[in-house]
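Remarks on the overall topology
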Amino acid sequence: MSTETADADDDLRERISNFLRRNFPQIQMHGGSAAIQNLDRESGEVTIMLGGACSGCGISPMTIQAIKSRMTQEIPEIDTVHADTGMDGGSEGMAGGQMSPSFPGEESGSDPESDEGPEAPF
């Protein structure tokens, strides 16, 4: 890799890091982290790994979607963003259909009509 290419990669990495800090301060404020796992400038692909409190956070699938959408709009060199929390189920989280939201003590597959809790107001 030439020095010019290395400098361009370093510049792009810095812009991606600044983008994450500027647009998603809640990641760090809530005890999470976002790191560039892989960057392929030629293909325009970047892989972001969310860690810390992001792993297992119910909001992380929405954060991942927002990162993917906004980064490709703001950084023209990036065409594809891969992001993951490192949890089983990958970046899909609850939106992937394999996991569903639940509460501690709730058994999966329970009949919603037998739930004795209050009905939602909407």
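Everything discussed here concerns the structure shown above.
The sections below set out a description of the structure shown in this document. Every residue gets a number counted from 1 within its own chain, in the order that chain's sequence is written. Only residues with pLDDT of 70 or above have their local features reported here, since the model is predicted, and side-chain atom pairs are shown and tallied only from 80 upward, although totals for entire chains, interfaces and linings are computed over all residues. The basis for every side-chain value is the complete set of non-hydrogen atoms in the structure, without hydrogens or water.

Now for the overall build of the protein chain. Broken down by element type, the protein chain carries three helices and three strands. Where helices and strands are cited, they refer to DSSP runs of H or I of at least four residues and of E of at least two residues respectively, numbered from the N terminus. Put simply, the protein chain runs from its N terminus to its C terminus through helices and strands in the order α-α-β-β-α-β. Three labels apply to residues, based on accessible area from a 1.4 Å probe with only protein chains included: buried if under 20% of the type maximum, exposed if over 50%, partly exposed otherwise in between. Looking at the 122 residues of the protein chain, the share that counts as buried comes to 25%. Should any heavy atoms of two residues lie within 4.5 Å, those residues are counted as being in contact. In the protein chain, once contacts between residues fewer than 6 apart in sequence are set aside, the share between residues at least 24 apart is 53%.

As a further point, take the sheet that holds strand β2 (residues 45–52). When DSSP finds two or more bridges between a pair of strands, those strands are recorded as paired. Read across the open sheet, the three strands follow the order β1-β2-β3; overall the sheet is mixed. Sheet topology places β1 (32–40) and β3 (80–84) at the edges, where each strand pairs with a single neighbour. When the angles between neighbouring strand axes are averaged without regard to direction, this sheet yields 20°. Against the sheet, helix α1 (residues 3–23) contacts β1 and β2, and its axis sits at roughly 150° relative to β1. Working convention: axes come from line fits to C-alpha atoms, limited for helices to the stretch in contact. Angles between N-to-C directions cover 0 to 180 degrees. This element, helix α3 (residues 60–74), spans β2 and β3 of the sheet and lies at about 160° to β3.

Salt bridges are defined as contacts in which a side-chain nitrogen from Lys or Arg sits within 4 Å of a carboxyl oxygen from Asp or Glu. One pass over the full model with this rule turns up four salt bridges. Two residues, Glu14 and Arg21, come together in a salt bridge whose shortest N-O distance is 3.7 Å. Since its relative accessible area comes to 43%, Glu14 is described here as partly exposed. Each of Asp11, Arg15 and Glu77 takes part in salt bridges that share partners, so that together they form one network.

This next bit is on the packing of aromatic side chains. In this description, an aromatic ring pair is defined by two values, namely the gap between the centres and the angle between the planes. The aromatic pairing rule takes the rings of Phe, Tyr and Trp, using the six-membered ring of Trp, and pairs them if the centres are within 6.5 Å, calling planes under 30 degrees apart stacked, those over 60 edge-to-face and the rest tilted. Under the criterion given, the structure shown has one aromatic pair. An angle of 65° between the planes, with centres 5.9 Å apart, marks the rings of Phe19 and Phe24 as edge-to-face. Residue class for Phe24 comes out buried when judged on its relative accessible area of 4%.

Examined against the element boundaries, Arg41 turns out to sit in the loop between β1 and β2. By relative accessible area, Arg41 is classed as partly exposed at 32%. In the structure, Arg41 is positioned 32 residues away from Asp9 in sequence and 6.9 Å away in space, judged by C-alpha atoms. In contact with Arg41, not counting residues within four places along its chain, are Ala8, Asp9, Leu12 and Glu77.

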